[in-house]
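Understanding the architecture of this molecule
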Amino acid sequence: MSAAPDPPGYVPYVPEPTVELGPRLKRLPLSAPLQWLRLGWADLRRAPAIGTFFGACFALMGLAVLMVFRHAPIYTLALCAGFLLLGPLLCLGLYQVSLRLERGERPSIEDALGAWLANVRQIAIFGFVLLILEMLWGRAALIVFAVTFNGMPDFAGSLAKLLSADHLGFIAAYLTVGAVFAGLIYGISVIAMPLLLDRDTDAVSAGLASLKLCLTQPLVMLFWAVLLGGLVVLAMLPFFAGLLVVGPWLGHASWHAYRDALADPAPEASRAGLHG
């Protein structure tokens, strides 16, 4: 028995192919951050002079925050917000160095300083988003100060006074606000900047890819965040001198975190090395 003919004007349904938004991500082992640190250290040893330059920038930023806190505490939050934006932009230079080393090329300080030119518009948009979040973070912190102390207190640059047992409620509220904003900024930016450097993509897609990585593999990315935070805190003693080494080391390691997280390699035509 033959099938009935299709009615006039009938158009068979053909399902549309599934399109995956953003780059595909790999499933990472919990030990992956240790491998990123090892590879980052190898990159730092291969380009120590450039690493020292960026490390000095990080150390000087830390010293500037310390000096402002001692002499004009009210401006500390504003300065920190600016440096939280400048830090990722400086790291672009370290990502560029790792990219050059990966491709068997010789990195240079001029090339590293101009890394942001590879995708300047989208990097600027992403930087603006970070600035807005950091301004909101600073405003929320000021509100915590004002509510707790009925105004902005003058601690005369003494961190010990601020962290005394009398201010446990303030400390808890301040750390909670900081954790929320720091977690959000970390989530959208952990691989976004190297992605914008390496591929011809937009700021929204880069931020979403970074957030997707953190949401789908929270244990690995939490481990990485703890390593980053712990090493930075240790590098601040004494007087931020450790940032001379730890700063560029973590910058290179962050590049390898991005590289390891993506399942599909970047097309050669979209790489930053071919834009400059």
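Calculation rules
- Residues numbered from 1 in each chain as written.
- Predicted model: local features only at pLDDT ≥ 70, side-chain atom pairs only at ≥ 80, totals over all residues.
- Heavy atoms only, no water.
- Patch = residues over 30% accessible without salt bridge, like charges linked within 9 Å, V, L, I, M, F, W, Y side chains within 5 Å.
- Areas by Shrake-Rupley, 256 points an atom, 1.4 Å probe, with all protein chains shown as cover.
- Salt bridge = Lys/Arg side-chain N within 4 Å of Asp/Glu carboxyl O.
- Helix = DSSP H or I, 4+ residues; strand = E, 2+ residues; numbered from the N terminus.
- UniProt positions renumbered as here; feature names shortened; annotations may be inferred.
- Axes fitted to C-alpha atoms, helices over the stretch in contact; angles between N-to-C directions.
- Parallel < 35°, antiparallel > 145°, perpendicular 65-115°, else oblique.
- Contact = heavy atoms within 4.5 Å.
- Nonpolar A, V, L, I, M, F, W, Y, C, P; charged D, E, K, R; others polar.
- pLDDT = per-residue confidence, 0-100.
- Buried < 20%, exposed > 50% of the residue type's maximum accessible area, 1.4 Å probe, protein only.
- Phe/Tyr/Trp six-rings, centres within 6.5 Å; stacked < 30°, edge-to-face > 60°.

On to a nonpolar patch on the surface. A contiguous nonpolar surface patch, about 400 Å² in accessible area, is contributed by Phe128, Ile132, Met135 and Leu136. If you trace the backbone, Met135 turns up in helix H5 (residues 120-149).

Bringing the UniProt feature "transmembrane region" (unreviewed entry) in the protein chain into the picture now. Those residues carrying the UniProt feature "transmembrane region" (unreviewed entry) are residues 47-68, 74-95, 123-149, 169-197 and 218-246 in this numbering. The span residues 123-149 carries 100% helix and 0% strand; its end-to-end C-alpha distance comes to 39 Å. For residues 218-246, the end-to-end C-alpha separation is 24 Å, with 76% helix and 0% strand making up the annotated structure.

This part takes up the packing of helix H7 (residues 168-189) against helix H9 (residues 203-216). The contact between H7 and H9 brings their axes to 6 Å, and the two run at 110°. Compared by their axis directions, H7 and H9 come out roughly perpendicular. Together, Tyr186, Gly187, Ile188 and Ser189 of H7 and Ala206, Gly207, Ser210, Leu211 and Cys214 of H9 make up the contact between the two elements. Residues that form the contact of H7 with H9 fall into these classes: five nonpolar, four polar and no charged.

What follows deals with the confidence of the model for the protein chain. The share of residues in the protein chain with pLDDT of 70 or more is 76%, and the mean pLDDT across the chain is 82. Scored below 50 in pLDDT, residues 269-276 shows 23 contacts in the model against residues more than four places distant or in partner chains.

Now for the pattern of salt bridges. Taken as a whole and judged by the stated rule, the model has six salt bridges. Notably, a salt bridge pairs Glu105 with Arg100, separated by 2.7 Å at the nearest N-O pair. By relative accessible area, which is 30% here, Glu105 ends up partly exposed. Residues Arg100 and Asp111 are paired through a salt bridge, measuring 2.7 Å at the closest nitrogen-oxygen approach. Placement of Arg100 in helix H3 (residues 76-102) and of Asp111 in helix H4 (residues 109-113) is noted, with a sequence separation of eleven residues between them. The class of Arg100 is buried, set by a relative accessible area of 9%. The partly exposed category is assigned to Asp111, whose relative accessible area is 21%.

A few words on the packing of aromatic side chains. Counted by the stated rule, this structure contains six aromatic pairs. Look at Phe53 and Phe54: their rings are 5.3 Å apart centre to centre, the planes differ by 80°, and that puts the pair in the edge-to-face class. Overall, the relative accessible area of 1% leaves Phe54 in the buried class. For the pair Trp137 and Phe181, a centre-to-centre distance of 6.4 Å together with 10° between the ring planes defines the contact as stacked. With Trp137 in helix H5 and Phe181 in helix H7, this residue pair connects regions lying 44 residues apart in the sequence. A residue is classified by how much of its surface remains accessible, and Phe181, at 17% relative accessible area, is buried. Among the aromatic residues, those joined into a ring-pair cluster are Tyr95, Trp255 and Tyr258.

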